Amino acid sequence: MQAADHQPSGPASGAGNPAATMKTLPPKPASQNRPSPQIHYPFWFGGSASSMAACVTHPLDLVKVRLQTRTGSMPTSMSGTFVHIIKADGVRGLYNGLSASLLRQITYSTTRFGIYEELKTRFAPRDKQPSFPLLIAMASASGFIGGFAGNVADVLNVRMQHDASLPLEKRRNYAHALDGLVRMTREEGFASWFRGVGPNAMRAAAMTASQLASYDVFKRTLIQRTPMEDNMWTHFTASFLAGVVAATVTSPIDVIKTRVMSAHGTSSLLSLLKDIYAAEGLKWMFKGWVPSFLRLGPQTICTFLFLESHRKAYRKIKGLAE
């Protein structure tokens, strides 16, 4: 009888101890620090996700172009420009030039996302996560090539968005992107496809590096070093932070581009930078940062949320592990 009442000793005695049970659970970071196997997603996913995002954020891009090219008594604020467009052209006016915007995403974004993912698959180390400098290099190269591929669509996009703000006699009145492409080639020659391609490609390189590389790093860091899982909230947070980085990196480039285009005479870029710095100090680098982020932030968030939904659906269809 005494033997039946005896409690066992040793390791088994901790079976009912919550503290002992918790110690046997593997820590989350250790299990997620191992690199996941590379999945080769279709080349067109980035272009498809960016096109969907463009349908959501196109009005913001339209307002940005109108503000950059405003003349006369046109409104000087984002809200005023929104109201002006709706009064003049109705709600549909907020989507003027959407076909050109979609053509730009199909060319520019498909190229930069596709090449970036291909480079990661081919050149990233298989036994560990690619470093941030390597991601920046791959994203910059991808963006530069994408800038060339999408330049003609970018020219059409700006023209079609700006057209409604011009006097009637100066409007081009492209019916849609393909009509504009044909007319631009016939009236201005094939060289018009590459108008401003150098600065555009450089900006595309900076944009892609600050968006794609930073998104990958933010997503990886959030999953490995916080309780967050690989889900929509993590994707939203990482894309929001990537939008902040993209707006900060490209804001000085946009300021320089605007100053160069609006400058009188033929002063060099170096002398223009000296004049800006002498007059405004380093603050010039972030003039217009808020409008830039209000456009880039939602665009970056929507793009990556749509992209991750593409990836999730692909993994489910192919029966790949999450």
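Residues numbered from 1 in each chain as written. Predicted model: local features only at pLDDT ≥ 70, side-chain atom pairs only at ≥ 80, totals over all residues. Heavy atoms only, no water.

Peer 1: Could you clarify how one ought to interpret helix α9 (residues 177-188) in this entry?
Peer 2: One turn of the α-helix equals 3.6 residues, which is why residues spaced by three or four share an orientation. Look at α9: 16 Å from first C-alpha to last across 12 residues, which is about the 16 Å you get at 1.5 Å a residue. Along α9, the positions that sit buried rather than exposed are Ala-177, Gly-180, Leu-181, Arg-183 and Met-184. Turning to α9, the residues buried within the fold contact α6 (98-123) and α8 (151-163). Once α9 finishes, Gly-189 follows within two positions and takes phi at roughly 90°, a positive value. (Helix = DSSP H or I, 4+ residues; strand = E, 2+ residues; numbered from the N terminus. Expected span 1.5 Å × (residues − 1). Buried < 20%, exposed > 50% of the residue type's maximum accessible area, 1.4 Å probe, protein only. Contact = heavy atoms within 4.5 Å.)

Peer 1: Can you walk me through the environment of Phe-194 in this structure?
Peer 2: If you trace the backbone, Phe-194 turns up in the loop between α9 and α10 (197-225). When its relative accessible area of 37% is taken as the criterion, Phe-194 is described as partly exposed. C-alpha separation for the pair Phe-194 and Asn-151, spaced 43 residues apart in sequence, amounts to 6.2 Å.

Peer 1: What exactly am I supposed to notice about the packing of α6 against α8 here?
Peer 2: What describes two packed helices is the angle between their axes and the distance between those same axes. Contact geometry for α6 and α8: axes closest at 8 Å, N-to-C directions at 160°. Comparing the axis directions of α6 and α8 gives the class roughly antiparallel. Between α6 and α8 lies a crossing of left-handed hand. Where α6 approaches α8, its residues Ser-99, Ala-100, Ser-101, Leu-103, Arg-104 and Thr-107 are matched on the opposing element by Ala-153, Asp-154, Leu-156, Asn-157 and Met-160. Split into classes, the residues belonging to the contact of α6 with α8 amount to five nonpolar, four polar and two charged. (Axes fitted to C-alpha atoms, helices over the stretch in contact; angles between N-to-C directions. Parallel < 35°, antiparallel > 145°, perpendicular 65-115°, else oblique. Left-handed = near helix turned anticlockwise from the far one by under 90°. Nonpolar A, V, L, I, M, F, W, Y, C, P; charged D, E, K, R; others polar.)

Peer 1: Explain the side chain of Gln-211 to me, please; I cannot follow it from the model alone.
Peer 2: Along the chain, Gln-211 falls in helix α10. At a separation of 2.7 Å, a polar atom in the side chain of Gln-211 contacts the side chain of Thr-300. Leaving out residues up to four positions away in the same chain, Gln-211 has contacts with Arg-112, Ala-242, Ala-246, Leu-296, Gln-299, Thr-300 and Phe-304. (Polar contact = N/O pair within 3.5 Å; in protein donor to acceptor, adjacent residues only side chain to side chain.)

Peer 1: Any chance you could explain the packing of aromatic side chains here in plain terms?
Peer 2: For any pair of aromatic rings, geometry is given as the distance between the ring centres together with the angle between the planes. One pass over the full model with this rule turns up 10 aromatic pairs. Where Phe-190 meets Phe-194, the ring centres are 5.6 Å apart and the plane angle is 70°; that geometry is what we call edge-to-face. Residue Phe-190 is classed as exposed on the basis of its relative accessible area, which comes to 51%. (Phe/Tyr/Trp six-rings, centres within 6.5 Å; stacked < 30°, edge-to-face > 60°.)

Peer 1: Before we go on, may I ask you to explain the pattern of salt bridges in this structure?
Peer 2: A side chain with one charge may pair with a side chain of the opposite charge, provided their charged atoms come close. Across all of its chains, the model carries 11 salt bridges by this definition. We note a salt bridge from Arg-183 to Asp-179, for which the minimum N-O separation is 3.9 Å. Here Arg-183 and its partner Asp-179 are both found in helix α9, four residues apart, which amounts to about one turn of the helix. You can call Arg-183 buried: its relative accessible area is 18%. A salt bridge links Glu-308 to Arg-311; the nearest nitrogen and oxygen atoms lie 3.4 Å apart. Of this pair, Glu-308 and Arg-311 both sit in helix α13 (residues 289-318), three residues apart, roughly one helical turn. (Salt bridge = Lys/Arg side-chain N within 4 Å of Asp/Glu carboxyl O.)

Peer 1: What am I meant to see in the side chain of Thr-81 here?
Peer 2: Among the structural elements, Thr-81 can be located in helix α5 (residues 78-89). Residues in contact with Thr-81, not counting those within four places in the same chain, are Val-63, Arg-66, Leu-67 and Pro-75.

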